[in-house]
Amino acid sequence: MEDYLVKALCYEGSIRAYAIRATNTISEAQKRHDTWSSSTAALGRTMVGALLLGATLKGEDKMTVKVQGNGPAGSIIVDSDGSGNTKGYIKNPHVSLTLNENGKIDVKGAVGTEGIFTVIKDLGLKETFSGQTPIISGEIGEDFTYFMAVSEQTPSAVGLSVLVDPDESVKAAGGFMIQVMPGADEETIDFIEKRLTEVPMVSKLLEEGNSPESILELLLGEKEIEILEKMPVQFKCTCSKEKFGTAIIAVGLDEINAMIEEDHGAEAVCQFCGNKYQYSEADLIALRDEAIKNTKEI
Ligand SMILES: [Zn+2]
């Protein structure tokens, strides 16, 4: 089944809602980074949240979500855009804690309960826009919800969930974001709040075969939903040998000479996707020539 996100309006436009199935996307991240259960859920929830928040952007616009907590997983950095692409990185992929008191993966224990949650938006303008809130839970979904309320001033409910099998593979991953627009009536808000407490976790619903559309129907009541858009989502990294070459040029002549004379080559590893790029001695000499040319131009 393909991964996709739906955008919807409900209750005469007073509620905006998004739901996503991202099982393949998070499964690819798990394989690329060889993450263990708590790290998988922490990185996966952040990626699903970044895709949901990214869906509020225009196609070309990009965003970065950073979760810098005090837990053993270390920093999580996720990029997403308005076209459904995401990639992500977690400092320690090998965190696998015992299940929490609810029998769920311990994400809070991996992320930590103190730290900073940052969203940086690149809207193609000269400056980027960034917002920051403290980590209030470490379960990620609540941290997105808090960020939306405080930094974006949009009352929202964000649910993110990742189901991991005992063999570490991702069984299901997805989420939803419901936003209350000005003019929404109390009755509607009360109804949705009640539904949110009654409906099972998204990963459970996905595992049972529900689509993003049917998840929204469960959360909001099917008669009221107008689906505006359906957008495929995927893991996508834009790294290349050429881009890392530019980074090698930037480290300076002494370093490049050392790579040539001592190592007779170099390898660059992308921290977002794990792809490896090899540079032969000849490649490095060409990069060194480029670096010399740049120095002269300055
Ligand atoms: Zn990459």
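Just so it is clear, the structure is predicted and the values come from calculations on it, not from any experiment.

Colleague: What am I meant to see in the overall build of the protein chain here?
Modeller: Along the backbone of the protein chain there are 10 helices and 13 strands. A compact globule built from 298 residues would reach a C-alpha radius of gyration of about 19 Å, and the protein chain, at 21 Å, matches this within 12%. Its C-alpha atoms give the protein chain principal-axis dimensions of roughly 70 × 45 × 35 Å. Residue burial in the protein chain is summarised as follows: out of 298 residues, 40% are buried. Intrachain contacts of the protein chain at a sequence separation of at least 6 include 66% that bridge at least 24 residues.

Colleague: Sorry if this is basic, but what is going on with the sheet that holds strand 9 (residues 170–180) here?
Modeller: Either a parallel or an antiparallel arrangement is found when strands of a sheet pair, and the pairing is made through backbone hydrogen bonds. What the 5 strands build is an open sheet, ordered 8-9-2-1-10; its pairing is antiparallel. Both outer strands of the open sheet, strand 8 (156–164) and strand 10 (225–232), are each paired with one neighbouring strand and no more. Recorded for the sheet is a direction-independent mean angle of 10° between the axes of neighbouring strands. With 7 bridges connecting them, strand 2 (residues 15–21) and strand 9 associate as antiparallel partners. In the strand pairing of strand 9, Ile-15 is matched with Val-180. Sheet strands in contact with helix 1 (residues 23–33) are strand 2, strand 8 and strand 9, and its direction is about 125° off that of strand 9.

Colleague: Looking at this model, I keep getting lost on the nonpolar core. Mind explaining?
Modeller: Taken as a class, soluble globular proteins show a tendency for nonpolar side chains to be buried jointly. Counting residues in each nonpolar core, the largest one holds 67 residues, and the members touching the most others are Ala-17, Tyr-18, Ala-42 and Leu-51. In terms of residues, this core owes the most to one element, helix 2 (residues 37–54), which gives 9 residues. If we ignore the near neighbours within four places in the chain, the residues touching Ala-42 are Ala-73, Ile-76, Ile-90, Val-107, Ala-110, Val-111 and Ile-140. In this structure, Phe-244, Ile-256, Tyr-279 and Leu-284 belong to the second largest nonpolar core, which totals 8 residues.

Colleague: What's the story with unusual backbone geometry in this structure? I'm lost.
Modeller: With the exception of glycine, most residues fall at negative phi, and the peptide bonds are largely trans. Although it is not a glycine, Tyr-11 sits at a positive phi angle of roughly 50°. In this fold, Tyr-11 is placed in the loop between strand 1 (4–10) and strand 2. The exposure class assigned to Tyr-11 is buried, which follows from the 23 C-beta atoms found within 10 Å. Phi is positive for Glu-168, close to 80°, though the residue is something other than glycine. Position of Glu-168 relative to the elements: it lies in the loop between strand 8 and strand 9.

Colleague: Got a minute to help me understand the sheet that holds strand 7 (residues 129–134) in this structure?
Modeller: Read from one edge to the other, the open sheet built from 6 strands follows the order 7-6-3-4-5-11, with strand pairing classed as mixed. Of all strands in the sheet, those with a lone pairing partner are strand 7 and strand 11 (234–235), marking the two edges. Direction of pairing for strand 3 (residues 62–69) relative to strand 6 (residues 115–122): antiparallel, over a ladder of 8 bridges. Paired with Val-67 across the bridge in strand 6 is Phe-117. Sitting on the sheet, helix 2 is in contact with strand 3, strand 4 (76–81), strand 5 (85–90) and strand 6, with an inclination near 30° to strand 4. The strands touched by helix 4 (residues 141–150) are strand 6 and strand 7; relative to strand 7, the strand with the most contacts, the crossing angle is about 120°.

Colleague: Where do I start with the domain arrangement of the protein chain in this structure?
Modeller: How big an interface is tends to be reported as the loss of accessible area on association of its parts. Assigned domains of the protein chain: these are domain 1 (4–235) and domain 2 (241–297). Taking the mean C-alpha position of each, domain 1 and domain 2 sit 37 Å from one another. Contacts between the two partners involve 5 residues from domain 1, matched on the other side by 4 residues from domain 2. Of all the elements in the fold, those that place two or more residues in the side of domain 1 that touches domain 2 are helix 1 and strand 5. Broken down by element, the side of domain 1 that touches domain 2 gets its largest block of residues, 3 residues, from strand 5.

Colleague: Explain helix 1 here, please?
Modeller: Three or four residues apart is the spacing at which side chains of an α-helix point the same way, because the helix has 3.6 residues per turn. Within the sequence span of helix 1, burial applies to Thr-23, Thr-25, Ile-26, Ser-27, Ala-29, Gln-30 and His-33. Taken from the residues just after helix 1, Asp-34 is the one with a positive phi, measuring 50°.

Colleague: I keep staring at the environment of Pro-155 and nothing clicks. Help me out?
Modeller: Examined against the element boundaries, Pro-155 turns out to sit in the loop between helix 4 and strand 8. On the neighbour-count criterion, Pro-155 (15 C-beta atoms within 10 Å) is partly exposed. Non-local contacts of Pro-155, meaning those with residues more than four positions away in its chain, are made with Ala-149 and Val-180.

Conventions used here
Residues numbered from 1 in each chain as written. Predicted model: local features only at pLDDT ≥ 70, side-chain atom pairs only at ≥ 80, totals over all residues. Helix = DSSP H or I, 4+ residues; strand = E, 2+ residues; numbered from the N terminus. Rg over C-alpha atoms; globule rule 2.2 N^0.38 Å. Buried ≥ 20, exposed ≤ 12 C-beta atoms within 10 Å, placed from the backbone. Contact = placed C-beta atoms within 7 Å. Pairing = 2+ DSSP bridges. Axes fitted to C-alpha atoms, helices over the stretch in contact; angles between N-to-C directions. Core = buried A, V, L, I, M, F, W, Y, C linked by C-beta atoms within 7 Å. Domains from an automatic or database assignment.

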